[in-house]
Amino acid sequence: MAPARIIHTPEEIVRIRRAAAVTAQVRDELARLVHPGMTTFDLDMLAGELIGRTGGESAFKNYCGYPGNICISMNDTVIHGIGSPDQLITEDDIVSMDLGVKIDGALGDTAVTVGFRENPPAEIRRLLEGTREALMEGIAAARCGAYIRDISAAVEKCARKHRLAIVRDYVGHGCGIKLHEPPEVPNYTGWGKGPRLEPGMVICIEPMLNLGTDAVRLDRKDHWTVRTRDGAWSAHFEHMILITENEPEILTWQKMM
Ligand code: MF3
Ligand code: CO
Ligand code: CO
């Protein structure tokens, strides 16, 4: 039977911590450099360049055949968007960048969604701030002795508060040596309680929240891009955290998030 959760060794945690910090650094550099007028292909190339400079490599490229360096998901795209030279970023768009860097046999995984307008419409602000807050509430619930369900409940409660729909078809996950490790970390409750959180567990918490309904659909042609069914916009934020004896350690923490 597959293990319910993975407890990483101190030696692994040293490498995972470094990979996560490098990933966060690239994320924040990308968030600073992304701008209207570039295409999502330009952004993917830039990400490839920045990742290469770290001495690591993209943890996503070729993962299950994924073709990009990072995932770039605009507006009604929820996750797993592929950079394209036909997709121009404009001032009115919101852009989610989800990236992973693999280095020294360990990896990081983190995502941020950014907008460009100084005064975005109230709805967009609710989407971006609500999703970011849901992530932070989920992290606050990730204390040793609690269960995965407690993280799910905290994210769900915050999403409700902001009247945002929770994507159910995709979930957070354990991470560190492989991109996706057990356990799953849903952003909703009603499935059980999952394993108990113990020091040495590394998990990615990643709310994907929508302004419309929770229903999503996979692109028929590329079999990667996940969009909302109703075309309403969606946001995605992700941090990788280490469960400790005390507060969780946010391994992908940097000033921008
Ligand atoms: N970054 C995604 C996650 O948070 C996984 C992307 S897999 C890829 O779990 F193949 F699309 F890159
Ligand atoms: Co990710
Ligand atoms: Co992830």
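Scroll up for the structure.
Rules used in this analysis
- Residues numbered from 1 in each chain as written.
- Chains lettered and ligands numbered in written order.
- Predicted model: local features only at pLDDT ≥ 70, side-chain atom pairs only at ≥ 80, totals over all residues.
- Heavy atoms only, no water.
- Helix = DSSP H or I, 4+ residues; strand = E, 2+ residues; numbered from the N terminus.
- Buried < 20%, exposed > 50% of the residue type's maximum accessible area, 1.4 Å probe, protein only.
- Contact = heavy atoms within 4.5 Å.
- Areas by Shrake-Rupley, 256 points an atom, 1.4 Å probe, with all protein chains shown as cover.
- Lys, Arg positive; Asp, Glu negative; His and termini not counted.
- Charge placed at Lys NZ, Arg CZ, Asp CG, Glu CD.
- Pairing = 2+ DSSP bridges.
- Donors = N, O, S within 2.8 Å, 3.2 Å for Na, K, Ca; no water.
- Tetrahedral: all angles 85-135°; square planar, octahedral: opposite > 155°, others 65-115°.
- Axes fitted to C-alpha atoms, helices over the stretch in contact; angles between N-to-C directions.
- Left-handed = near helix turned anticlockwise from the far one by under 90°.
- Near = heavy atom within 4 Å.
- Polar contact = N/O pair within 3.5 Å; in protein donor to acceptor, adjacent residues only side chain to side chain.
- Nonpolar A, V, L, I, M, F, W, Y, C, P; charged D, E, K, R; others polar.
- Core = buried A, V, L, I, M, F, W, Y, C linked by side-chain atoms within 4.5 Å.

J.: Sorry if this is basic, but what is going on with the overall build of the chain here?
T.: Across its full length, the chain carries four helices and 15 strands. Referenced to the eigenvectors of the C-alpha coordinate spread, the extents of the chain come out at roughly 45 × 40 × 35 Å. By the burial criterion, 53% of the 257 residues in the chain qualify as buried. Taking the contacts inside the chain whose residues are at least 6 apart along the sequence as the reference set, 72% of them involve residues at least 24 apart. When the accessible surface of the chain is summed, it comes to about 11,500 Å², and 50% of that surface belongs to carbon and sulfur atoms. The average position of the 29 basic charges and that of the 36 acidic charges among the side chains of the chain differ by 4 Å.

J.: Help me understand the sheet that holds strand S8 (residues 181–185) in this model?
T.: In a beta sheet, neighbouring strands pair by backbone hydrogen bonds and run either parallel or antiparallel. Strand order across the open sheet formed by five strands is S8-S7-S9-S14-S15, with antiparallel pairing between neighbours. In this open sheet, the two strands that pair with only one neighbour each are S8 and strand S15 (249–250). In the sheet, strand S7 (residues 172–174) pairs with S8 via three bridges, with the strands oriented antiparallel. Its bridge partner lying in S8, Gly172 is registered against Val185.

J.: Where do I start with the coordination of the cobalt ion (ligand 3) in this structure?
T.: Put simply, a metal with four donors set out as a tetrahedron has ideal angles of 109.5 degrees, and one with six donors set out as an octahedron has ideal angles of 90 or 180 degrees. All of the protein donors around the cobalt ion (ligand 3) are Asp109 (OD), His173 (NE2), Glu206 (OE) and Glu238 (OE); their distances to the metal are 2.0 to 2.2 Å. Note that the cobalt ion (ligand 3) binds six donor atoms; their angles at the metal cover 51 to 173°, and the shape is irregular. Within one chain, the residues donating to the cobalt ion (ligand 3) are spaced in sequence as D-x63-H-x32-E-x31-E. In this structure the cobalt ion (ligand 2) is found 3.2 Å away from the cobalt ion (ligand 3), and Asp109 serves as a bridging donor for the pair.

J.: How should the coordination of the cobalt ion (ligand 2) be read in this particular structure?
T.: Coordination sphere of the cobalt ion (ligand 2), protein contribution only: Asp98 (OD), Asp98 (OD), Asp109 (OD) and Glu238 (OE), at 2.0 to 2.4 Å. For the cobalt ion (ligand 2), the six donor atoms in the first shell make angles of 57 to 167° at the metal, so the coordination geometry reads as irregular.

J.: Would you mind showing me how to read the packing of helix H1 (residues 10–33) against helix H2 (residues 40–53) here?
T.: Think of two packed helices as two axes; the pair is described by the angle between the axes and how far apart they sit. Across the interface, H1 lies against H2 with an axial gap of 10 Å and an inter-helix angle of 145°. Of the two elements, H1 crosses H2, and the hand of that crossing is right-handed. Contacts from Val26, Glu29, Leu30 and Leu33 in H1 reach Leu43, Leu46, Ala47, Leu50 and Ile51 in H2.

J.: Just to check I follow, could you spell out the site of ligand 1 for this structure?
T.: Close contacts around ligand 1 come from Phe60, Tyr63, Tyr66, Cys71, His80, Asp98, Asp109, His173, His180, Glu206, Trp224 and Glu238, and that covers them all. In this structure, Asp109 approaches ligand 1 through a side-chain N or O atom, which is 3.0 Å from an oxygen atom. Summarising the interface, the protein chains cover 96% of the accessible area of ligand 1, which totals 330 Å² for the free molecule. When the residues that make up the shell around ligand 1 are grouped by side-chain class, the tally is five nonpolar, three polar and four charged.

J.: Hey, could you run me through the nonpolar core in this one?
T.: Counting 49 residues, the largest nonpolar core has Leu30, Leu43, Met97 and Ile151 as its most contacted members. For this core, the secondary-structure elements that each account for two or more residues are H1, H2, strand S2 (71–74), strand S4 (94–103), strand S5 (106–115), helix H3 (122–140), helix H4 (148–161) and strand S9 (202–205). The element that contributes the greatest number of residues to this core is H3, accounting for six residues. Filtering out sequence-adjacent residues up to four positions away, Leu43 remains in contact with Leu30, Val34, Met38, Ile72, Ile89, Val95 and Met97.

J.: Please clarify how the pairing of strand S14 (residues 239–242) should be interpreted in this entry.
T.: Every other side chain in a regular strand lies on the same face of the sheet, so the side chains alternate between the two faces. Across the two faces of S14 the burial is the same, with His239 and Ile241 and Met240 and Leu242 all buried. Summarising the sheet, S9 and S14 pair through four bridges and their orientation is antiparallel. Bridge assignment links Ile203 to a residue of S14, and that residue is Ile241. Direction of pairing for S14 relative to S15: antiparallel, over a ladder of two bridges. If you follow Leu242 over to S15, its bridge partner there is Glu249.

J.: Can you walk me through the sheet that holds strand S6 (residues 165–166) in this structure?
T.: Taken in spatial order, the three strands of this open sheet run S6-S10-S13, and their pairing is antiparallel. Edge positions in the sheet fall to S6 and strand S13 (234–236), since each has one partner strand and no second. In this sheet, S13 lies alongside strand S10 (residues 208–210) in antiparallel orientation, the contact comprising three bridges. Bridge pairing links Leu209 to Ala235 in S13.

Taken by themselves, the reported measurements are silent on function.
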